[in-house]
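The primary structure of each chain is shown beneath.
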Amino acid sequence: MAKQISVFLENKVGRLAHVTRVLGEAGINIRALSIADTSDFGILRLIVSDPAKAYQVLKDARFTVSETEVIAVQVPDSPGGLASVLERMTEQELSIEYLYAFLGTRGDDALVIFKVEDIAKARKIFNEKGIKFLDESTLYKL
Amino acid sequence: MNYWDKEKECMPREYLEKLQLRRLQETIYRVYAFVPAYREKMEALGVKPEDIRRLEDLKLLPFTTKQDLRDNYPFGLFAVPMSEVVRIHSSSGTTGKPTVVGYTSKDIDTWAELMARSLYSAGASRYSVIQNSYGYGLFTGGLGAHYGAEKIGASVIPTSGGNTKRQIMLMQDFGTNILTCTPSYALFMHEVMQEMGIKPSDLKLKAGVFGAEPWSENMRREIEGKLEIDAYDIYGLSEIIGPGVAIECPRKNGLHIAEDHFIPEIIDPETCEVLPEGTPGELVLTTVTKEALPIIRYRTRDLSTLNRSVCECGRTHARMAKVLGRSDDMVIIRGVNVFPSMVESVLLNIPGVEPHYLLVVDRRGNLDELEVYVEVSESVFSDEVRKMERLGLQIGKELESALGIAVRVRLVEPKTLERSEGKAKRVIDKRNI
Ligand SMILES: [Zn+2]
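Residues numbered from 1 in each chain as written. Chains lettered and ligands numbered in written order. Predicted model: local features only at pLDDT ≥ 70, side-chain atom pairs only at ≥ 80, totals over all residues. Heavy atoms only, no water.

Asker: Explain the coordination of the zinc ion to me, please; I cannot follow it from the model alone.
Answerer: Each pair of donors in an ideal octahedron of six around a metal sits at 90 or 180 degrees, and each pair in an ideal tetrahedron of four sits at 109.5 degrees. Residues and elements named next belong to chain B. Each protein donor to the zinc ion is listed here as Cys-249 (SG), His-256 (NE2), Cys-311 (SG) and Cys-313 (SG); together their distances run 2.1 to 2.3 Å. In this structure, the zinc ion is coordinated by 4 donor atoms arranged in tetrahedral fashion, with angles at the metal of 104 to 114 degrees. On the primary sequence, the residues serving as donors to the zinc ion are separated as C-x6-H-x54-C-x1-C. Separated by 57 residues along the polypeptide, His-256 in strand β9 (residues 255–257) and Cys-313 in the loop between β13 (306–307) and β14 (319–320) bring together distant segments of the chain. Residues His-256 and Cys-313 agree in their burial class; the two are buried. (Donors = N, O, S within 2.8 Å, 3.2 Å for Na, K, Ca; no water. Tetrahedral: all angles 85-135°; square planar, octahedral: opposite > 155°, others 65-115°. Helix = DSSP H or I, 4+ residues; strand = E, 2+ residues; numbered from the N terminus. Buried < 20%, exposed > 50% of the residue type's maximum accessible area, 1.4 Å probe, protein only.)

Next up, the structure:
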C-alpha cells in the first residue's frame with residue numbers, strides 16, 4: 001500500500017512548476033509522477049518522500065489536493081514483465097483505474113504504481129499469485 | 001416579536017395609505033416647486049401636483065432613472081439649498097459620471113431609524129455587539145448601518161471591509177453577535193476562518209444582516225449552515241436612501257418595505273405598466289419623506305414581486321420577494337435572459353460544489369456561447385479524470401436545464417476566481433455588441 005498525492009491543476013502556464021517548487025522548498029522528494037490531462041484541466045499524481053507533509057504544504061499553497069491509496073508493484077525488469085502481472089490481474093477480474101512507472105528500481109525489478117478499484121482484493125490476489133509489492137515505508141525511502 | 005417602532009411597522013393598511021397619500025402629495029408639491037427637472041418632466045406629461053388625489057394617481061407621474069441623476073450631476077435634483085445638506089454620498093461611477101445623493105439632518109435621522117428597525121428585526125438590541133463590515137466612505141452601506149446600530153444603542157465595531165484575518169480576530173475577541181456585510185463577503189470570511197482554524201462555536205455570532213447584492217435562498221442556507229447563524233436579507237439603494245429600505249423579519253418570507261417612507265410599485269420593464277400584486281417585474285420606489293433628494297418612481301432595475309397581506313410577524317408593510325436579479329447583471333444569450341443567481345442556485349444543489357463561479361459570455365462566429373467556470377473543492381475532487389469529467393458534464397446538464405441554453409463548464413482551481421471583499425464579480429461579457 002502507498003499514499004499517492006493527487007493535485008487538481010488548471011491547464012495554465014506555470015502550475016506544474018509551482019507544485020514542484022512548493023514541494024522542493026519543503027524538502028520533499030518526488031519519487032514518481034504522472035499527469036492525466038484534458039483540454040481544461042489536469043490531475044497530477046505523485047508519490048513523494050513524505051505524503052503527509054506534501055498534502056499539508058500543497059493545501060497551504062491553496063491547491064486542491066487529495067490522498068489516494070495505491071499499490072507499488074514489483075515488476076520483473078525484462079520483456080513481458082508487466083504483461084505477465086497485468087494478465088494475472090485480469091484473470092482475477094481486478095479492475096485497474098490507472099498505472100504509471102516509478103522512477104527507481106527494487107533490486108532487479110522495476111516498480112509500477114497501480115490504482116485499483118478494490119485495494120483489499122488486490123492485496124489478496126498479489127499474495128496468492130506471488131506478485132511482489134512494496135510496503136509504504138520502504139517505498140518512500142527508495 | 002421585536003419591533004423597533006411597533007406603531008409604524010404594524011400600522012393598519014388603511015391608516016398607512018392615508019399617511020402615504022398625504023406624504024406623497026407634499027413631496028410632489030415640493031419637487032414641482034423646487035426641482036426644475038421634475039417640473040419639466042411633469043409638464044411634458046401634463047401632470048400637475050393637484051392631479052395626485054389618490055395613491056393610484058402615482059402612475060400618472062414620470063419615472064426617474066439612474067440616467068436622470070447623471071444628467072443632473074452633481075446636485076441638480078436636490079430639493080433643498082446646499083446649506084441644508086449635511087451629507088453627500090456617491091456611487092463609484094465606473095461608467096460615466098457617478099450618481100450623487102444628498103441628505104439633510106432629518107434625512108440622516110430617518111435613515112438611522114430605518115436601519116435601527118432593520119437591525120432590530122434581525123434580533124439586535126442595545127446589548128448587541130454589531131460588527132459592521134460594509135465599506136465606510138462614499139458607499140452608503142457602512143455609514144448607514146453604523147448610524148442605525150448606534151441608534152439602537154448597540155456596541156458598533158466599525159471594521160469596514162478588508163483585512164479579513166483581523167476582522168475575524170476582533171469578532172472572536174469582542175464577542176460579535178451580529179455581522180453586517182455583503183453575503184459573498186460572509187462566505188469569504190468563513191473561508192478565512194477555516195484557514196485560521198476558527199469554528200463558528202468559537203464565536204458568539206447569532207445573526208447576519210446581508211445586502212448590497214442579490215443572493216439566493218440557497219446561498220442563505222449555505223451561510224446559515226457554515227456560520228451557524230440566522231441570515232437576514234436587507235435591501236436598499238443609495239438613490240432611495242441607502243440600506244434599510246426593506247428588511248426581512250424572522251419569518252424570512254419577503255422583505256418588509258418601510259412603507260411609511262417609500263411607496264413601492266412593480267412594473268413591466270418593457271411596457272412600464274404597473275403590474276398586479278404578486279406578478280414579478282421591476283421594482284419602482286417613490287420616496288415620500290426624503291428632504292434633500294426626493295425621488296419619484298425610481299426604476300431600481302431589481303426584479304421582485306410585492307405582497308401586501310399582513311405578515312405572520314404582525315407587520316403590515318408590504319413584502320418584496322428576495323431580489324431575483326438585477327436587469328444590469330442579466331445577460332441575454334441567444335435571446336434567453338440569464339441571471340447569475342440562477343447559476344448559483346444550481347451549483348448549491350449539487351453536493352460538494354461550492355457556489356464560486358464566473359459566467360463568461362463570448363461570441364464565436366455568430367453564435368453566443370456561455371461558459372461557466374466552477375471551482376473544484378476538495379470534496380468533489382477525484383484523482384480519476386473520468387470522474388472529474390463526469391462532474392463537469394453533470395453541472396453542465398443541470399445548468400442547461402435550469403437556464404434553457406447550452407452551457408460549457410470549465411473546472412478551475414479554487415480561489416482562482418476573483419473574490420472581492422465587496423461585491424463578487426459574476427459575469428464577464430466578451431462580446432462586442
Ligand atoms: Zn414579517
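Resuming the write-up.
Asker: Even after reading the chapter, I still don't get the confidence of the model for chain A, so can you show me in this structure?
Answerer: Atom-level detail of predicted coordinates should not be read off regions where pLDDT is low. Chain-level statistics for chain A give a pLDDT mean of 90 and a share of 100% at 70 or above. The least confident element of chain A, judged by mean pLDDT, is helix α5 (residues 136–141) of chain A at 81; the most confident is helix α2 (residues 51–60) of chain A at 95. (pLDDT = per-residue confidence, 0-100.)

Asker: Looking at this model, I keep getting lost on the interface of chain B and chain A. Mind explaining?
Answerer: Between chain B and chain A, the contact holds 21 residues from the first and 25 residues from the second. In total, chain B and chain A occlude about 1900 Å² of area from one another, counting both sides; carbon and sulfur atoms represent 50% of this. The interface formed by chain B and chain A contains 7 salt bridges. One salt bridge in this structure joins Glu384(B) and Lys115(A), with 3.0 Å as the shortest N-O distance. For the pair chain B and chain A, the number of links is 12 residue pairs in polar contact (both at pLDDT 80 or more). If you list the elements that add at least two residues to the side of chain B that touches chain A, you get α11 (385–403) and β20 (407–412) of chain B. If you tally residues by element for the side of chain B that touches chain A, the top one is β20(B), at 5 residues. Looking at the side of chain B that touches chain A residue by residue, the class counts come to 8 nonpolar, 3 polar and 10 charged. (Contact = heavy atoms within 4.5 Å. Buried area = accessible area lost by both parts, 1.4 Å probe. Salt bridge = Lys/Arg side-chain N within 4 Å of Asp/Glu carboxyl O. Polar contact = N/O pair within 3.5 Å; in protein donor to acceptor, adjacent residues only side chain to side chain. Nonpolar A, V, L, I, M, F, W, Y, C, P; charged D, E, K, R; others polar.)

Asker: When you look at the pairing of strand β5 (residues 178–181) of chain B in this model, what are you seeing that I'm missing?
Answerer: In the case of a regular strand, side chains alternate between the two sheet surfaces. Residues and elements named next belong to chain B. Where burial is concerned, the two faces of β5 agree: the one with Ile-178 and Thr-180 and the one with Leu-179 and Cys-181 are both buried. With 3 bridges connecting them, strand β3 (residues 129–132) and β5 associate as parallel partners. Within the sheet, the bridge partner assigned to Gln-131 lies in β5 and is Leu-179. As paired strands, β5 and strand β6 (residues 207–210) are joined by 4 bridges and run parallel to one another. Its bridge partner lying in β6, Ile-178 is registered against Ala-207. Each parallel crossover has a hand, and the one from β5 via helix α8 (residues 183–196) to β6 is right-handed. (Pairing = 2+ DSSP bridges. Right-handed = clockwise from strand over helix to strand, strands pointing away.)

Asker: Would you mind showing me how to read empty space enclosed by the protein here?
Answerer: Residues and elements named next belong to chain B. The full count for this structure, using the stated rule, is 4 cavities of 30 Å³ or more. Of the volumes computed, that of the largest cavity is approximately 110 Å³. Lining of the largest cavity is provided by Glu-9, Leu-114, Arg-117, Ser-118, Gly-244, Ile-247, His-256, Ile-257, Ala-258, Arg-315 and His-317. Of the residues forming the lining of the largest cavity, the biggest block, 3 residues, is contributed by helix α5 (residues 105–121). (1 Å grid on protein atoms, 1.4 Å probe; cavity = no way out; pocket = protein on both sides within 12 Å on 5 of 7 lines; lining within 4 Å. Points joined across faces, edges and corners; volume = space filled by probe spheres on them.)

Asker: Mind showing me how you'd approach the environment of Ile157(B) here?
Answerer: All names here are of chain B. Along the chain, the position of Ile-157 falls in strand β4 (residues 155–157). Spatially, the C-alpha atoms of Ile-157 and Leu-179 are 9.6 Å apart, while their sequence positions differ by 22 residues. Non-local contacts of Ile-157, meaning those with residues more than four positions away in its chain, are made with Val-129, Ile-130, Gln-131, Asn-132, Phe-174 and Thr-176.

Asker: Can you walk me through the packing of helix α9 (residues 217–227) of chain B against helix α10 (residues 340–348) of chain B in this structure?
Answerer: Two quantities define a packed helix pair, namely the angle between the helix axes and the distance between the axes. Residues and elements named next belong to chain B. As a packed pair, α9 and α10 sit with axes 8 Å apart at the nearest point and diverge in direction by 50 degrees. By the angle between their directions, the pair α9 and α10 is classed as oblique. Residues Asn-218, Met-219 and Glu-222 of α9 pack against Glu-344, Ser-345 and Leu-348 of α10. Of the residues belonging to the contact of α9 with α10, the class tally is 2 nonpolar, 2 polar and 2 charged. (Axes fitted to C-alpha atoms, helices over the stretch in contact; angles between N-to-C directions. Parallel < 35°, antiparallel > 145°, perpendicular 65-115°, else oblique.)

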